[in-house]
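Letter by letter, the chains look like this.
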Amino acid sequence: MHKLDGLWKLVNTAAAVRDVAQEQRAYRWQVARGMTFYLHTQAAQVSVARIAGDELQVDVTLQASFGWRVAHDQDDVGVYLVAQRRALLGSLAGGRFVVRAPMGLRLALRLERCQLCLDDLSATAIIPADGLWPS
């Protein structure tokens, strides 16, 4: 019983450290109609909503932010955001991405083991039966 109590204390401590190590980031990009937003992430919650205007807004919450590698870029074709979990520390990491994308912006989402919520969206979504897009 004593070993079980010690194990629970360790688990609770790890959970507390994970929650304390939470980081929030807000990204904003000016975009034009016809550009593409590309998001590649894994084991995260992703919410997408359409908005008026010409500003792409992405609010990111990373738990155990030390377990993530994040990179972003923008060119005349689109905006790119890649957030991947690190190999060893990533199992502790969790993430939430709230995307507010202007009308006229194409979305390319490469999601691995993610939850996806589409809010106020009018579109055709094609998801292959095996969940994989052709290469």
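Position labels on residues start from 1 in each chain and follow its written sequence. With pLDDT at 70 or above as the cut-off, local features in this predicted model cover only qualifying residues; side-chain atom pairs require 80 or more to be listed or tallied, and sums for whole chains, interfaces and linings still use all residues. To obtain the side-chain values, all non-hydrogen atoms of the structure were included, while hydrogens and water were left out.

The next thing to look at is the sheet that holds strand β5 (residues 68-74). Strand order in the open sheet made by the four strands is β5-β6-β2-β8, with mixed pairing throughout. At either end of the open sheet lies a strand with only one pairing partner, and these are β5 and β8 (106-112). Neighbouring strand axes in the sheet, compared pairwise and without regard to direction, differ in orientation by 5 degrees on average. Each pair of strands is called paired provided DSSP finds at least two bridges between the two strands. Only runs of H or I of at least four residues qualify as helices and only runs of E of at least two qualify as strands under DSSP, and these elements are numbered from the N terminus. Bridge count for strand β2 (residues 36-42) against β8 is seven bridges, and the pairing is parallel. Within β8, the position partnered with Leu 39 by the bridge is Leu 109. Throughout, an axis means a line fitted to C-alpha atoms (over the contacting stretch in the case of helices), and angles, computed between N-to-C directions, take values from 0 to 180 degrees.

Relative to the helices and strands, Gln 42 resides in strand β2. A residue is classified by how much of its surface remains accessible, and Gln 42, at 11% relative accessible area, is buried. Counted as a polar contact is a pair of N or O atoms within 3.5 Å, where, for protein atoms, one must be capable of donating a hydrogen and the other of accepting one, and residues adjacent in sequence contribute only when both atoms are in side chains. A distance of 2.8 Å separates a polar atom in the side chain of Gln 42 from the backbone nitrogen of Arg 85. Side-chain polar atoms of Gln 42 contact the side chain of Glu 112, separated by 3.1 Å. Discounting chain neighbours no more than four positions away, the residues touching Gln 42 are Trp 68, Ala 83, Gln 84, Arg 85, Glu 112, Arg 113 and Cys 114. Only protein chains enter the accessibility calculation, which uses a 1.4 Å probe. A residue is then buried if its area is under 20% of the maximum for its type, exposed if over 50%, and partly exposed in between. Residue contacts are defined here by distance: any two heavy atoms, one from each residue, within 4.5 Å place the two residues in contact.

Sheet faces and side chains relate simply in a regular strand, where the side chains alternate between the two faces. Summarising the sheet, strand β1 (residues 23-30) and strand β4 (residues 55-63) pair through eight bridges and their orientation is antiparallel. Residue pairing in the sheet places Arg 25 in a bridge with Val 60 of β4. Pairing between β4 and strand β7 (residues 94-102): seven bridges, direction antiparallel. Among the inter-strand pairings, Gln 57 is bridged to a residue of β7, identified as Arg 100.

Okay, the pairing of strand β6 (residues 78-85) next. Inspection of the sheet shows β2 paired to β6 by six bridges, in the parallel sense. In the strand pairing of β6, Tyr 38 is matched with Tyr 80. Two elements, β5 and β6, share seven bridges in a ladder whose sense is antiparallel. Paired with Gln 74 across the strands is Val 79, a residue of β6.

As a further point, take the nonpolar core. If you look at the biggest cluster of nonpolar residues, it comprises 23 residues, and the most contacted ones within it are Phe 37, Leu 56, Val 58 and Phe 97. For this core, the elements supplying multiple residues, two or more each, are β1, β2, β3 (44-51), β4, β6 and β7. The dominant element in this core, judged by the number of residues it contributes, is β4, at four residues. Within this scheme, the nonpolar core is defined by two criteria: the residues are buried Ala, Val, Leu, Ile, Met, Phe, Trp, Tyr or Cys, and they are joined through side-chain atoms within 4.5 Å.

Only the six-membered ring of Trp is used, alongside the rings of Phe and Tyr, when aromatic pairs are assigned; centres must lie within 6.5 Å, and planes under 30 degrees apart are stacked while those over 60 apart are edge-to-face, with the rest tilted. As enumerated under the stated definition, the model contains three aromatic pairs in all. Ring geometry for Tyr 27 and Trp 29: centres 5.5 Å apart, planes at 5 degrees, overall stacked. Since its relative accessible area comes to 9%, Trp 29 is described here as buried. When the centroid spacing of 6.3 Å and the interplanar angle of 70 degrees are considered together, the rings of Trp 68 and Phe 97 count as edge-to-face. Highlighted residues: Trp 68 in strand β5 and Phe 97 in strand β7, separated in sequence by 29 residues.

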